[in-house]
Amino acid sequence: MTAPRILLADDEVHITRLVARRLEESGHEIRVACDGEEAWSVIQEWPPNLIITDLQMPYVSGIDLVLRARTQPQTADIPVIMLTARGYVLQEEQIKQAKITHLLSKPFSIRRLATLVEELLEQNEQARRAA
Amino acid sequence: MSLSSHDNHLDPYEVVAGRCAKLGLAVWRCNPAGIIISEPDDEGLLGLWHNASTLTQAIARMVCELSGQTPTEPIQLDESCWAIIVPVTWRNRLGGYIVALALGEEFFDSDLFNKSCASAQLNVATTRRCLRERACLNETSVRQAMRMVRWMVDDLESVGDLDETVSGFTVQLSNAYETIDLLYALGHSMNEPNEPGQFITAALERVHTAMDFAWVGAMFSDDAGAAPVVHGKFYSHGSPTMSKQRLQKACRGLVGSIPTPKERHILSDNPGFDPDGGPQIILQPILRSGRLAGFILAGEKGGIDPQVSSYDTHLLEATASYIGPFLENASLYETQNRMFLGTLQALTSAIDAKDPYTHGHSERVAHLSAQLAAAVGLEHERVERIHIAGLVHDVGKIGVPELILGKPGRLDDAEMDAIRQHPAIGHRILQDIPVLDDIVPGVLHHHERWDGDGYPAKLAGNKIPQIARIIGVADTFDAMSSNRAYRPAMTRDKVLAEIRSCAGSQFDPELVEPFLGLDFAEYDNMVERAHAESENGSVNRAA
């Protein structure tokens, strides 16, 4: 089985470096994008199995990125972990519409993120097998 | 040797070897003792020649002879054959040597060439053809090549150092994030109305997630003064190799053996956990107002580094520093709540005492109301509030003359009217106490009837607050079950039949069935107790 693909989109380099490093240790294939536009081109040429994206990014916001990803058959149902600034409240309606699986406030625990990623990929894999 | 702690980064040896190959130099790697740990990765005849024992022995001997010195010039091994030896340092220590072999045209006439071909059983002419392209250096160009190799190694060492620094920062940043996340979570749960056990369990779970220990635990002092609410308790989270009971026993033994318990300890020899002493255990005291309330413990560290780090101790210290004040708050809250309830009980006992027939009535109504509230599925907090409302429901009787309250026989209209004032009087007494906002409607409306025929507001159906409907059933039940000035107590069966028959007229029909299903054992005990107290006192209920 090929390594699960994870797209990591955030304009804060220290976050992407931190998360990418931890997830690569678990054997996942990671692509990093520094803004929403770049992330969108990655999605089109390299459809990921999971997206971890910051909410506030230049050019295309995290939420718009996910809404666009939902229009592509390959990424229509994949899990999404949205990173937000602590204290920032995302509207319930937006979460539902973009089918955000999890919200994490920064600064978050990398360990918990890594556990969450494993759980989501596992669920994904089970759903894929069942289908 | 990898300069980086993970594999995605450049191995300086690989890089140097690759670049040297492009310059026509074959590269060996030796450890500081001169033992070759890798050869050039050429294949075929060239590979065989690089492994020729005469050649590799010459290289090893040469490195060995350096005895830690750094050569400044290429070392000539034979005619037109030089070794460029460059040390590679790692964390300021000699990690080994890179040995690059540089050849000139005359090399093929040398002893070393002929002997090396012989030792590898290679044909001299064929080997010469293979090597000819590489044998293009002279003394000057070898010196230049050496300078280049040294620059490359120096640069790669700097890159390695920087990479190590970044990795270090990354680990620190990651640890800082874990710490902040833990502190946020603990701070957040401090403000939640959690039971102390819940808070401590949640705190242990969070700190366990942030650390590499197999288990974390919290053990509290048996002294209720030092560890209020949780004295003598033990909580743990994780997967220790031993059972929870054995873990608890081992922790207790460990805690008892500490001569200075108010300080943090990292213990390496723990026979209670492992006959051989076992891995390290951290013992972090939990202090409450300067007193030792207990300990947080963490044991069986896994992960990359089995040694306890300052990150581990900081996390446990932070957790302990939240648990201490939480216990303090829980203790203050409990004291305050006990005082509040005690005051209410004293007040209601005083009211009940006005009427010898209603001794203990308020407490019994409180008990039944709470039971009924739980039976209809209300939340624990709401049940507690309904209990309080039951306690104070008759507080307004303080404003009704004792002569009327205790009058045997029928009451006239004026007396009846005076009695019917008590819910409104109770409302007036309590209405300005903000913490009783949700209680007061229960006091004001507990004599309303489902059919709208009650008092004081003649509310009907669901317009009557639920709290008042609940107290109404409990109040009537206790009144019918007790002797009154104007009639003796009714039997349990008769009381229950009466309650059932009044569903939909006097009582909310949805409360009646759950009420009839209650267990009245504790209620009967309360009646017994009140009876015994009355007999011991001056009041004789049987009279």
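Note that the structure is a prediction, hence the values are computed from the model and not measured.

1. Thoughts on the overall build of chain A
If you tally the helices and strands in chain A, you get five helices and five strands. Along chain A, helices (α) and strands (β) appear in the sequence β-α-β-α-β-α-β-α-β-α when read from the amino end. For chain A, whose C-alpha radius of gyration is 13 Å, the value lies close to the compact-globule estimate of 14 Å for 131 residues. Based on the C-alpha atoms only, the size of chain A along its principal axes is roughly 35 × 30 × 25 Å. Carbon and sulfur atoms make up 48% of the accessible area of chain A, which totals about 6500 Å².

2. Side note on the pairing of strand β3 (residues 50–54) of chain A
All names here are of chain A. Extensive coverage of β3 is indicated by the burial of five of its five residues. Burial along β3 is two-sided: L50, I52 and D54 facing one way and I51 and T53 facing the other are all buried. Of the pairings in the sheet, the one linking strand β1 (residues 5–9) to β3 comprises four bridges and is parallel in character. Residue pairing in the sheet places L7 in a bridge with I51 of β3. Relative to strand β4 (residues 80–85), β3 is paired through four bridges, and the arrangement is parallel.

3. Describing the state of the cysteines
Per the stated rule, a full pass over the model turns up zero disulfides over all chains. The thiol of C136 of chain B is not disulfide-bonded; the next cysteine sulfur, from C20 of chain B, is found 13 Å away.

4. Some points on the environment of R61 of chain B
Relative to the assigned elements, R61 of chain B resides in helix α3 (residues 53–66). Placed 26 residues apart in sequence, R61 of chain B and I35 of chain B show a C-alpha to C-alpha distance of 8.9 Å.

5. Focus: the nonpolar core
What tends to happen in soluble globular proteins is that the nonpolar side chains get buried as a cluster. Residues and elements named next belong to chain B. Membership of the largest hydrophobic core comes to 40 residues, with the highest contact counts inside it found for F477, I499, F515 and F520. Elements that contribute at least two residues to this core include exactly α9 (310–354), α10 (361–375), α11 (380–392), α15 (440–444), α16 (466–481), α17 (492–501) and α18 (509–516). Per-element tally for this core: the top contributor is α16, with seven residues. Sequence-distant contacts of F520, that is, excluding residues within four places in its chain, are made with L368, F477, R492, L496 and F515. Core analysis: the next-biggest nonpolar cluster, separate from the first, contains 29 residues, I200, V230, I286 and Y311 among them.

6. Remarks on the side chain of E448 of chain B
All names here are of chain B. Its place among the elements puts E448 in the loop between α15 and α16. At 7.6 Å, K458 is the nearest oppositely charged side chain to E448, a buried residue that forms no salt bridge. Within the structure, E448 has its side chain in polar contact with the backbone nitrogen of A457 (distance 2.8 Å). Separated by 3.0 Å, the side chain of E448 and the backbone nitrogen of K458 make a polar contact. Among all residues touching E448, those that are not within four sequence positions of it are G454, Y455, P456, A457, K458, L459, I464 and Q506.

What counts and how
Residues numbered from 1 in each chain as written. Chains lettered and ligands numbered in written order. Predicted model: local features only at pLDDT ≥ 70, side-chain atom pairs only at ≥ 80, totals over all residues. Heavy atoms only, no water. Helix = DSSP H or I, 4+ residues; strand = E, 2+ residues; numbered from the N terminus. Rg over C-alpha atoms; globule rule 2.2 N^0.38 Å. Areas by Shrake-Rupley, 256 points an atom, 1.4 Å probe, with all protein chains shown as cover. Buried < 20%, exposed > 50% of the residue type's maximum accessible area, 1.4 Å probe, protein only. Pairing = 2+ DSSP bridges. Disulfide = S-S within 2.5 Å. Core = buried A, V, L, I, M, F, W, Y, C linked by side-chain atoms within 4.5 Å. Contact = heavy atoms within 4.5 Å. Lys, Arg positive; Asp, Glu negative; His and termini not counted. Salt bridge = Lys/Arg side-chain N within 4 Å of Asp/Glu carboxyl O. Polar contact = N/O pair within 3.5 Å; in protein donor to acceptor, adjacent residues only side chain to side chain.

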